[in-house]
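# Notes for the structure review
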Amino acid sequence: MRALTNPVSYLDGVYAPVADEIEADDLPIVGELPPEIAGVFVQNNPNPRFPPGGAYHWFDGDGMVHGVYLRDGRASYRNRYVRTLGLARDEAAGQPLTRGILEPFDPARSAEADKNTANTDLVWHGGRLMALWWLGGQPYELSVPDLATLGTVDFGGTLDCGVAAHPKVDPVTGELIFFDYDVYAAPHLRYGVLSADGRVTHRADIELPGPRLLHDIAITERYTVFLDLPMTWDTERLRHGKRRVRFDADAPTRFGVLPRHGGADAIRWFEAPACYVYHTVNAYEAVNAAGHAEIVLTACRIDNPVPTVPHAEEPLIPRLYFLRLHPFFYRWRIDLQTGAVTGEPLDDVPTEFPRMDPRRLGRRSRYSYHPRVAPGPTLLFDGVIKYDADAGGSEAHTWGDGCVGGETVFVPRDGGEAEDDGYVMTYVTDRRADTSELVVLDARAVANGPIARVRLPRRVPFGFHAHWAPHASQEGRT
Ligand SMILES: [Fe+2]
């Protein structure tokens, strides 16, 4: 099995952590930064505070956020560790006290053995910016715009579980629809809804056949869609203190459709051929040609997420140790009357970390913005593709020789209403110069490249998820 993994380091080059926390104001800007853009662009990255005590997996590093605050055509930058309880314990000890997911662990200690690094995702909800971890745990609130860690959040004592990366904000009701999963014990999936004013108003525990890697969900106006995919934790290895995943190509993909405020017994499962999905784009309710209610779900789909051949046989498909990263934009249609699920690929170019207009989340949408996966041994993005899922078209921009980009976040233009009336923002790093920029594109002219490039005082490591917190929303919060 060792021969199938990719030993390339995720600690070097564009992945290398940065050592300090800095601030810089009045950053140089190339091009024109539209003065009406006001808010903070933040990305969450794994950034190990101490040299790892064993094998390092890219998912292990302590969370560090890199933010660029934009207002009146000016820009400032700062980066901060997410000061988690685990990080505080490590700093007190002067060394990492937990091992990464490639290392053996004590199966008797359950989830308490893991360090919630809050390194994965960010969400802006109810005037709070929160950092979230892919394995769940409590959210950490960050102040805006200075990105200091304010502590964990339990929503006035109403939260009785964790909140995993990738909860969804309903743009109409203001609810946050979230999930949490447990690798060690049932129920393996917990689900909840947080009201716009920050109280958990609904919870359900959903039984799964075993521990899954549930990385994302989707919402529609009335439903939540869960992805129970046949890439699972190997329970036998877990019992022996080792994490390894399995992919069963003969098992179905199961989509669980639950009314947003429904109990666990209200979930309906729909089956499709095996695959894995890290990130959804969107879902919405529609009526198909037969007159049946359906859910349309778009995502980046991986046909075979666990390597079956040595990397030398497919060196241009990125790998992350035991994961094979070869995702393609895809659409499923779930017929709620017959139970039939149909699927179709929407492109043959690999993309991941897709984003769309957050004002359309859960509603019919056509545009999405995807970083394009660069061919090579590890995951990197060499450009952005804007898809039109209705017309089937796309346009692309390549970051340029030696340059890699991050997650391409859609930022609505203040006062704009049309779906692509806004900007696309991401960090782009020049690998040769070891420098980074925040680039801003016109979402209606992605192929034209950046309209503004904010030169940053340091390289931003290639990392995980980015988010936009609008300035207007920050006012009024005490
Ligand atoms: Fe993610």
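This is a predicted model, so every value here is computed, not measured. Along each chain, residues carry numbers from 1 onward, in the same order as the chain's sequence is written. Confidence filtering applies because this is a predicted model: local features only for residues at pLDDT of at least 70, side-chain atom pairs given and counted only at 80 or more, and all residues used for totals across whole chains, interfaces and linings.

## Some points on the overall build of the chain
To keep it simple, the criterion reads: Segments assigned H or I by DSSP are reported as helices when at least four residues long, segments assigned E as strands when at least two residues long, and all are numbered from the N terminus. With the radius of gyration taken over C-alpha atoms, the globule rule is written as 2.2 Å times the number of residues to the power 0.38. Counting other C-beta atoms within 10 Å of each residue's C-beta, where C-beta atoms are placed from the backbone, gives the exposure class: buried for 20 or more, exposed for 12 or fewer, partly exposed between.
Counting its regular elements, the chain contains 3 helices and 34 strands. Scaling as 2.2 N^0.38, a compact globule of 478 residues should have a C-alpha radius of gyration of about 23 Å, and the chain matches this with 21 Å. With the C-alpha coordinates of the chain rotated into their principal frame, the extents come out at 55 × 55 × 50 Å. Expressed as a percentage of the 478 residues in the chain, the buried residues total 48%.

## Focus: the sheet that holds strand E18 (residues 253-259)
Two orientations exist for strands paired in a sheet by backbone hydrogen bonds: parallel and antiparallel. This is how the line gets drawn: DSSP bridges decide pairing: two strands pair if at least two such bridges lie between them. Every axis corresponds to a line fitted to the C-alpha atoms, with the helix fit spanning only the stretch in contact, and the corresponding angles, defined between N-to-C directions, vary from 0 to 180 degrees.
Here 4 strands make up an open sheet; going across it, the order is E14-E15-E18-E19 and the pairing antiparallel. The sheet is open, and its two borders are formed by strand E14 (217-219) and strand E19 (268-272), each paired with just one other strand. Each adjacent strand pair in this sheet contributes to an overall mean axis angle of 25°, direction not counted. Judged from the 5 bridges that link them, E18 and E19 form a sheet pairing that is antiparallel. By the bridge assignment, valine 257 is partnered in E19 with arginine 268.

## So, helix H1 (residues 85-93)
Rules: In this description, the arc belongs to the directions extending from the helix axis to the C-beta atoms. In this description, a residue-residue contact is defined by the distance between C-beta atoms placed from the backbone, which must lie within 7 Å.
Gly86, Leu87 and Asp90 are the residues of H1 that are buried. Seen along its axis, H1 keeps its buried residues to an arc of 100°; they face one direction. Away from its buried face, by an angle of more than 90 degrees, H1 presents the exposed residues Ala88 and Ala92. In this structure, the buried side of H1 is in contact with strand E5 (74-81). Following H1 by one or two positions, glycine 94 adopts a phi angle in the positive range, close to 75°.

## Comments concerning the nonpolar core
Here is a general trend for soluble globular proteins: nonpolar side chains tend to be buried in one another's company. Quick note on the threshold: As used throughout, a nonpolar core is a set of buried Ala, Val, Leu, Ile, Met, Phe, Trp, Tyr and Cys residues joined through C-beta atoms within 7 Å of each other.
Among the nonpolar cores identified, the biggest contains 124 residues, and Val225, Val424 and Met425 are the most heavily contacted of them. In terms of residue count, the dominant contributor to this core is strand E20 (residues 276-287) (6 residues). Contacts of valine 225, omitting those with residues within four sequence positions, involve Ile217, Ala218, Phe255, Gly256, Val257, Ala283, Ile295 and Leu297.

## Considerations on the pairing of strand E33 (residues 450-455)
Bridge count for strand E2 (residues 29-31) against E33 is 3 bridges, and the pairing is antiparallel. Paired with glycine 31 across the bridge in E33 is alanine 452. In this structure, strand E32 (residues 435-442) lies alongside E33, joined through 5 bridges in antiparallel fashion. Bridge assignment links leucine 441 to a residue of E33, and that residue is proline 450.

## Side note on the sheet that holds strand E1 (residues 23-24)
With antiparallel pairing, the 5 strands of this open sheet are ordered in space as E1-E5-E4-E3-E34. Either end of the sheet is taken by a strand with one partner, and the two such strands are E1 and strand E34 (466-470). Sheet topology places strand E3 (residues 39-46) next to E34; 5 bridges connect them, and they run antiparallel. Within E34, the residue paired with glycine 39 across the bridge is proline 470.

## Description of the confidence of the model for the chain
Put simply, the rule reads: Each residue carries a pLDDT score, the predictor's confidence in it, ranging from 0 to 100.
For the chain, the mean per-residue pLDDT works out to 94, and 96% of the residues sit at or above 70. Segment residues 473-478 is flagged for pLDDT under 50; beyond a separation of four residues in sequence, or across chains, it makes 5 contacts in the model.

## Structural notes on the pairing of strand E21 (residues 293-302)
Across the 10 residues of E21, 8 count as buried, placing the element largely inside the fold. The pairing of E20 with E21 spans 9 bridges and is antiparallel. Following the sheet pairing, valine 287 is matched in E21 by alanine 293. Between the antiparallel neighbours E20 and E21 lie 5 residues, among them glycine 291 with a positive phi of about 85°.

## What about unusual backbone geometry?
Look at the link from valine 144 to proline 145: it is a cis peptide, with omega at 5°. Position of proline 145 relative to the elements: it lies in the loop between strand E8 (140-142) and strand E9 (149-152). At the junction of alanine 186 and proline 187, the peptide bond is cis and its omega measures out at -5° in the coordinates. One can find proline 187 in the loop between strand E11 (176-181) and strand E12 (189-194). The phi dihedral of phenylalanine 155 is positive, around 55°, even though this residue is not glycine.

## Comments concerning the environment of arginine 355
Mapped onto the elements, arginine 355 comes out in the loop between strand E25 (341-350) and strand E26 (367-373). Separated by 74 residues in sequence, arginine 355 and valine 281 have C-alpha atoms that sit 6.2 Å apart. Beyond its immediate sequence surroundings of up to four residues, arginine 355 is in contact with Ser368, Tyr369, Glu407, Thr408, Val409 and Phe410.

## Some words on the environment of valine 30
Relative to the helices and strands, valine 30 is located in strand E2. Once you skip the residues sitting within four places of it in the chain, valine 30 turns out to touch Ala452, Arg453 and Arg455.

## Focus: the environment of histidine 240
Mapping histidine 240 onto the fold places it in the loop between helix H2 (235-239) and strand E17 (245-247). Judged by C-beta crowding, with 11 C-beta atoms within 10 Å, histidine 240 ranks as exposed. Placed 171 residues apart in sequence, histidine 240 and tyrosine 69 show a C-alpha to C-alpha distance of 47 Å.

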